[in-house]
Amino acid sequence: MTTNASSSPQPSLDTQAWLNSVRAAWQRTGLRITLPRMRVIETIASYRAPFSAEQLYADLCTHSETPGRATVYRTIEQLHASGWLARIHGPVGEEGYVPCHPGHLHHLVCTRCGAVTSFEGCDLDNLLNRVAAETGFSVEGHLLQLFGRCAHCQVN
């Protein structure tokens, strides 16, 4: 997902709190907090729109002592698996990631600037039950992303 790191900020994410929470979670689970991993998560926290793994790696390559590509990809996968990164699907099929806190979240994606806003709660139980009953499909989970224009892009 090609994005601009200077796009409108995600209002729901406190960057320092996210970094501290990730570090604390890694310490609790016994993951080593290496300097290359810290550089990866600090760069992730600086993004203000969805980023791709390749974009992250390229941005890290602009500094000395670049973490290896495998470290970047493994760190992204570990953060995603533990709920600290959400995978965002763009309106034309591209994928990116945004930092978040673990839990059941949904996202609003601005089709103009790429800003992503997380929100909790969804009243989909009735719809999911109806779909399951009509199709015989056993629903195990869902992903909800809404596309449109953020408040900033609506006035600009």
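Check the entry above for the structure.
Let me sum up the structure you'll find in this document. (Residues numbered from 1 in each chain as written. Predicted model: local features only at pLDDT ≥ 70, side-chain atom pairs only at ≥ 80, totals over all residues. Heavy atoms only, no water.)

1. Thoughts on the sheet that holds strand E5 (residues 145–148)
Strand order across the open sheet formed by three strands is E4-E3-E5, with mixed pairing between neighbours. With one partner strand each, in any of the chains shown, strand E4 (116–120) and E5 form the two edges of the open sheet. Each strand of the sheet is rotated relative to its neighbour by a mean of 25°, with strand direction disregarded. (Pairing = 2+ DSSP bridges. Helix = DSSP H or I, 4+ residues; strand = E, 2+ residues; numbered from the N terminus. Axes fitted to C-alpha atoms, helices over the stretch in contact; angles between N-to-C directions.)

2. Considering the pattern of salt bridges
Going through the model one piece at a time under the given rule, you end up with three salt bridges. Its salt-bridge partner being Glu 134, residue Arg 130 comes within 3.5 Å of it at the nearest N-O pair. Residue Arg 130 and its partner Glu 134 are located together in helix H5 (residues 125–135), separated by four residues, close to a single helical turn. The exposed category is assigned to Glu 134, whose relative accessible area is 58%. (Salt bridge = Lys/Arg side-chain N within 4 Å of Asp/Glu carboxyl O. Buried < 20%, exposed > 50% of the residue type's maximum accessible area, 1.4 Å probe, protein only.)

3. Thoughts on the packing of aromatic side chains
The geometry of two aromatic rings is summed up by the distance between their centres and the angle between their planes. Scanning all chains against the criterion turns up two aromatic pairs. Taken together, a centroid distance of 6.0 Å and an interplanar angle of 40° make the contact between Phe 51 and Tyr 97 tilted. Of this pair, Phe 51 sits in the loop between helix H2 (35–46) and helix H3 (53–60) while Tyr 97 sits in strand E2 (residues 95–99), and the two are 46 residues apart along the sequence. Each member of the pair, Phe 51 as well as Tyr 97, carries the same accessibility label: buried. In this structure an aromatic cluster arises from ring pairing among Tyr 47, Phe 51 and Tyr 97. For the cation-ring pair, Arg 37 lies above Trp 26, with the distance from its terminal atom to the ring centre recorded as 5.7 Å. (Phe/Tyr/Trp six-rings, centres within 6.5 Å; stacked < 30°, edge-to-face > 60°. Lys NZ or Arg CZ within 6 Å of the ring centre and 35° of its normal.)

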